[in-house]
Each structure stands twice: as structure tokens, then as C-alpha cells.
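# Examining the three-dimensional arrangement
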Amino acid sequence: SSGINAEYGDKDCVTYDQYAAKIKSNLDISNETDSLQGVFNAFDHMSDGFLTVSKIKGVLSNLGISFPESEIQMIVNQIGTDGRISFDQFQTLMLNTEDSL
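Let me begin by describing the structure that accompanies this report.

### Observations concerning the packing of aromatic side chains
Inspection of the entire model under this criterion finds 2 aromatic pairs. Ring centres 5.5 Å apart and planes at 85° place the aromatic pair Phe 40 and Phe 87 in the edge-to-face group. Of this pair, Phe 40 sits in helix 3 (residues 33-43) while Phe 87 sits in helix 6 (residues 87-95), and the two are 47 residues apart along the sequence. Taking the relative accessible area as the measure of exposure, Phe 87 reaches 12% and is therefore buried. Through a chain of ring-to-ring contacts, the aromatic side chains of Phe 40, Phe 87 and Phe 90 assemble into a single cluster. Over the ring of Phe 50 we find Arg 84; its NZ or CZ atom is 3.5 Å from the centre of that ring.

So, how was this worked out
Residues numbered from 1 in each chain as written. Predicted model: local features only at pLDDT ≥ 70, side-chain atom pairs only at ≥ 80, totals over all residues. Heavy atoms only, no water. Phe/Tyr/Trp six-rings, centres within 6.5 Å; stacked < 30°, edge-to-face > 60°. Helix = DSSP H or I, 4+ residues; strand = E, 2+ residues; numbered from the N terminus. Buried < 20%, exposed > 50% of the residue type's maximum accessible area, 1.4 Å probe, protein only. Lys NZ or Arg CZ within 6 Å of the ring centre and 35° of its normal.

Okay, structure coming up:
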């Protein structure tokens, strides 16, 4: 097995903190707003200012990361409002996620 699942013992899924930390380490994200905006924009391919389950799932799939849609939905519901995540919500989440796994 390859990708993120291999790093976590071939489990069916990883926790969101593990996922966020992995994305941060892969993209060399610092705590600067501009860096986070760039990552947010990569997920927000429609440039409407929000992340949705389908946008997140599409980017993860393109990165070769297997993440159950139900888990993505749970994260979006916990962090966002109205089924979507704004940049401010994304920034708060990323800045409060542990840097190490």
C-alpha cells in the first residue's frame, strides 16, 4: 500500500488531525496567512470562497489520499456552517492543528 494509509498501518482511515498535519507537512505550510490562503485556494477550485465535501474529496483523491466521504462530511459539519468551510474557519483549524504526527 502506498500514500498516507501506509504511514498509518494500512488503516481504512486516518484522523483529521493526522490528515491536516500530513497536508501541512507535504505543502510546507507555515503559520502565515498567505501560505494558508494558497492551500485553501488549491481546494477551492471554483474560487467561491468555500470548501465543500466534494471539493475536499476531489483534492484528496488527486493527492492519492483515501479518506471516507462520511468522515469529510463530519469534519465539514463540525468546522463549517451550512455544509461548507470558509477561509477563516480553515485558517483557525490549520493553525490549531498539531504540526507533528
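Once you've had a look at it, read on.
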